[in-house]
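# Residue-level structure breakdown
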Amino acid sequence: MKRIYQLLFLLLIGSPAIAQIRTQNPPAPSLKVNGLSLDYFSPKEYVIGGTTLTGAQYLDKETIIILSKLTKGERVVLPGEATTNAIKNLWMQGLFDDIKLSVTKIDLDTVYFDIEVVERPRLSAFEIVGVSKSQRTDLNEKLADKAGKTIINDNLYNTTRSIINKYLLDKGFFYTTIDFNSKPDPSQENSVILQVKINKGKRVKVHEIKFTGNKEFRSAKLRKYLKKTHQQAFYKVFGSGKFNKEKYEEDKRNLVAKMQEKGYRDAAILKDSIYRYNNKSVGIKIDLHEGPKYYFGNITWIGNAKYTTAYLEKVFGIEKGELFSEEKLEKKLRGSANGDDVSSVYLNDGYLTFNIDPVQTKIHNDTVDIEMRIYEGPQYTNNKISIVGNTITNDRVVLREIRTKPGDKFSKELLVRSVREIGALGNFDETKTNPIPKPNPADGTVDIEYHVEEKPSDQIELSGGFGGGRIIGTLGLTFNNFSLKNLFKGDAYKPLPKGDGQKLSLRGQTNGKYYQSYSFSFSEPWFGGKKPVSFGVSAFTSLQSNGYDQADESYQKIRLNGVSVSLGRRLNWPDNYFSISHAVNLNQYILNNYPGYLFSTGTSYNLNLTQEIARDSRNGSQIFPTGGSYIKFTVQATPPYSLLNKINYAIASDKQRYKFTEYHKWKFEAQWFETVVGKLVFKGQAQFGFLGQYNSAVGQSAFERFKLGGDGMQGFDFLQGSELIAMRGYSNNSVIPVGANPTIAQSSGSPIFNKYVMELRYPVIASQQATAFMTVFAEGGNTWDRFSDFNPFNVRRSVGVGAKIFLPIFGLLGIDYGYGFDKIPGIADANKGQFHFSIAQQLGGFN
C-alpha cells in the first residue's frame, strides 16, 4: 500500500497543474509518504536534504542536479511546481531519453529526492553518403566540431541539416533532401555513428533574371554586370549557367558598384528573391532603386600646405561636371595601382600619417560638392630597418635589396619596390612578405620591419626517357640560396651551406656512350658584397656519337666544350629598373665525320663578347606577373678574323674557313603584362633574332643559329650550338625557312627569326607550395635564311590552351596543346595538333 501511495504522489507532483473545480465541501486528497500525510490542497514547505542522480554514466552529476534546481538547502513546496519545473529543466537540455523523479525520504520538514535518467547516446562520427569524395571531405571538416562530444538530439539534426544545406546551396544544389539514421558504434560505449543520407538533386541553372525598378538601365545591360551569374540564354555560349550562391552575392555587390560608377550614387538593391522555376532551374528577381544621376560639382581643398591646390587638382584629375563615382573618387585619392593618386604624392615624400577625407558638403539637384579635408602631418625619416622571419637567408642578403634606407625620407613607392625586390630573390613567399612601418612621433622617425616567410627554393630535375632504342637519364640540381664561403664549414651543411643568395647549378644527361652532356654554373648577385655587381661563371661539355669504336672509319661524333664568365650591374639611368651585363664566352666544336653542318670534320673555336641591357619592371611574382614589362636587347660578337688575316676564303678549305667562327648576333625581346579584369592577366610578347656575317666570302656561321618550334625547353642546344625558341602548335625545330633543306635546317637552325605571343592567364593556385595558372594563347613566328627575305608579318600561326605550375623543388612545369595552321613543306605532321611538355622551364628570356 505504501508503494501505491508513493506512485500516486509522484503522478501528482510530476504532472502539470490542472484546474480543479471544487464542490461546496470537496474531499481533500491526501498522500502519506513514510508516514507523512500530504494534502494536495494544503501544500507544505520543505527543506531539501539532498538529491541523488542515478543512471548518469557520462554526464557530470553535480551539474545535472544544479540544472534541476533541487539542490541541498533549497526550500520547496510539496506538492508544488518545483518538482514539475525540475523535470522541465532537464528535458530542455536535450540530454536524456527518459527522466523520473521520486522522493526517497521525508524526515520532519526535510525531503530527499532521487532523479533517475536514461542518457542519450553521443555522436562518435558522421557517415555521409550521396556526395562526391571532395564534398564529403569538405562537409566532414565543417561538421568536425560535432563529432565526439555532441549528444544526439533534435538540435544536432537541425544544425547538421543547416550546415549541409548551406554548403550545397552555395554549390548550386537548391533541392537537397537529407535523412538521418543512427547505428551503434562498436568501438565506443554509449556512442553512435550518424548516417547522413543526402540527395542533392541536380545543380540548378538560372533560367531567367528579372529586374524591377530600373528605368535608365536596360535589363540586358544589368545582366551583363552579373559577371558570374548568367541566365540560360547566355550560358549556352559563354558558360555553364549553373547557379552559385556565393558568386551571386558577389555579383550583387558588383551590380550596385557598376550603377554607382555611372553616376547613380543612390543605387541600391531593395530586395531580391530566388524562386523555383522548375526541377532543374531557378529564377532570380531583383528590385532596384536607381535614384537620380549625379555629377561632380565644386571641389575645394583645405589643409594643404606642402602642395598647392593647383598641383593637387592636376594629380586628382577629376573635374567639375564629370559623372559622380565614389569608386573613381577613392581611386584618385588613395587607391591607384600605378601610384598616381593624391595620397601617394604625400606618402612618397615622407608624410606617413597623411590622411584625406572627401566630405560631400552639398547635394543640390544632380550635383555633389566635395571638400577635400587634408591632414598632412609631419615628415618621417627612416630609422631602423629590420628583417623578421628569415630562418635561412642571412639578413644582409635581404637588406641589400631593400630600397628604404636609414636616413632617407619614408616613401611608399620604395616600400612597395622593396617588397618586389624581396620576392625577386626567390627565397620567400611573395604573398607573406609584409612591411610594417612603426612611426616614432616623438622624433619624427619610422622603424620598418619586413616580415618574411622562407619557402623552398632549391630545384631538382630528375627524369628518364626512352628514345632511339636507348634509355636517357637526366639529373639536375639547382641551389638558389647557396653560400660559397661556408663550403668548408661542416656545421653549415643543412644539407648544403645556404643563406648567401648565390646560385649553383649542376646538370648531367646521358644514355651511355652515345650521348653525354654535363654543365655547371655559379653566380653571385653581389660580387664583393658592397655593390649590386653580379658575377657568374659556367662551363659545359657535350658529346654525341654513333657509338662505334674511334678507330672505325665509320665513327661519327660531335663534341662541344665551353666556358663563360660574366659581370653585370644595376643602373639608375634612365631609371633604376635597368641593368647591364657583359660576358666573355669561349666554345670549342670538334666534329668527326658528322653530317648536317656546313663542315663535317674539323675543329672550330667561338670566342665572343656578349653585351646585354635589360629593363624589368614586372610586378607581383616573377612566375605570374600581373603588370609591368620586361625588355631585353643583346649583342653578341666575335672578332672579325677574316678582315684581319690574309686567308683567301674563296679557295680556303673547311678547316681554314671555320677554324675561328665569326659572326655578330642581335636579339631583342619584349614582354608586357596587364591585368584585364579581376585575376585575368594579358601577356604580350615580341622576339627577334638576327645572325650576321662580316665577310660574304666566309658565309654564315655554322653555329649560334636559331631553332624555332616546339617546347623550347632547354633554351640552348649545347650539342648543336643553337638557341631553341619555343613555338607551340609546331613540332620541335620544325619552323624552317621556305625552300630550306629540312634535314640541314632542322639540325643547324636558321640565322633570322621573329615571334609574337598573345596570352591570357588566369591563376588557379597561389600559395607557398605551388603557383598554377591556365592559359589561352595565339602565336605567330617564322625563320629566314636571308635578311632580304625577312618579313615580320609573314608568320606561321597557332592557337591553343595550356596550364603551368611552379613547384619550388622542380621549377616551372607546363603542358600545352597548340594547333598550327600552316604546313611546313618537307616535314610531315609538323603542324596541327601538338602537345608540349616543359620541365624546369626558365621564367624569362627566349622561351
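Please read all numbers here as calculations on a predicted model, not as lab measurements.

## Section: the overall build of the protein
- What the protein contains, in helices and strands, is 16 helices and 37 strands.
- Here the protein has a C-alpha radius of gyration of 40 Å; the compact-globule value for 847 residues is 29 Å, and the former is much larger.
- When burial is assessed residue by residue, the protein has 43% of its 847 residues classed as buried.
- Relative to all contacts within the protein whose residues are 6 or more apart in sequence, the contacts with residues 24 or more apart total 60%.
- When the accessible surface of the protein is summed, it comes to about 43,500 Å², and 54% of that surface belongs to carbon and sulfur atoms.

## Overview of the packing of helix α2 (residues 61-68) against helix α3 (residues 81-92)
- At a minimum axis distance of 8 Å, the contact between α2 and α3 shows a crossing angle of 125°. One way to sum up the angle between α2 and α3 is to call them oblique. Contacts between α2 and α3 involve Ile 64, Leu 67 and Ser 68 from the first element and Ala 86, Asn 89 and Leu 90 from the second.
- A class-by-class count of the residues in the contact of α2 with α3 yields 4 nonpolar, 2 polar and no charged.

## A few points about the environment of Arg 136
- Position of Arg 136 relative to the elements: it lies in helix α4 (residues 133-142).
- Overall, Arg 136 belongs to the partly exposed group, its relative accessible area being 29%.
- Once residues lying within four places of it in the same chain are set aside, the contact partners of Arg 136 are Ile 128 and Val 131.

## Overview of the sheet that holds strand β17 (residues 434-440)
- The mixed open sheet is built from 3 strands, whose spatial order is β16-β18-β17. The open sheet has two edge strands with one neighbour each: β16 (381-388) and β17. Recorded for the sheet is a direction-independent mean angle of 20° between the axes of neighbouring strands.
- By the bridge criterion, 6 bridges tie β16 to strand β18 (residues 445-451) in an arrangement that is parallel. The partner of Asn 382 across the bridge, within β18, is Val 446.
- Against the sheet, helix α13 (residues 412-424) engages β17 and β18, with an angle of about 25° to β18.

## Some details on the sheet that holds strand β10 (residues 205-212)
- Sheet architecture is open: 3 strands sit in the order β10-β12-β11, paired in mixed fashion. If you trace the sheet from one side to the other, it starts and ends with β10 and β11 (268-276), each paired once. Between one strand axis and the next, the sheet turns by 20° as a mean value, whatever way the strands run.
- Bridge analysis of β10 against strand β12 (residues 281-289) gives 7 bridges, and the strand direction is parallel.

## Description of the pairing of strand β3 (residues 44-54)
- Note: β3 against strand β4 (residues 75-78), 4 bridges, orientation antiparallel. Within β4, the residue paired with Lys 44 across the bridge is Leu 78.
- With 7 bridges joining them, β3 and strand β6 (residues 110-119) adopt parallel strand pairing. Pairing of Thr 52 across the sheet is with Asp 114, part of β6.

What counts, and at which threshold
Along each chain, numbering runs from 1 in the same order as the chain's sequence is written. Local features in this predicted model are restricted to residues whose pLDDT is 70 or higher, and side-chain atom pairs enter the listing and the counts only when it is 80 or higher, whereas totals over whole chains, interfaces and linings include all residues. Values reported for side chains reflect all heavy atoms of the structure, with hydrogen atoms and water molecules removed beforehand. Strands are runs of DSSP state E lasting at least 2 residues, helices are runs of H or I lasting at least 4, and numbering of each runs from the N terminus. Here the radius of gyration uses the C-alpha set of atoms, whereas the globule reference equals 2.2 Å times the residue count to the power 0.38. Partly exposed residues are those whose accessible area sits between 20% and 50% of the maximum for their type, while under 20% is buried and over 50% is exposed, using a 1.4 Å probe and protein chains only. Contacts are assigned to residue pairs that have any heavy atoms within 4.5 Å of one another. All accessible-area figures derive from a Shrake-Rupley calculation using a 1.4 Å probe, and residue coverage is judged against the displayed protein chains alone. Every angle, taken between N-to-C directions, lies between 0 and 180 degrees, and every axis is a line fitted to C-alpha atoms, over only the stretch in contact when it is a helix. An angle counts as roughly parallel when it lies under 35 degrees, as roughly antiparallel when it exceeds 145, as roughly perpendicular when it falls between 65 and 115, and as oblique in every other case. The residue classification treats Ala, Val, Leu, Ile, Met, Phe, Trp, Tyr, Cys and Pro as nonpolar and Asp, Glu, Lys and Arg as charged. All others, Gly included, are polar. Two strands qualify as a pair provided that DSSP identifies no fewer than 2 bridges between them.

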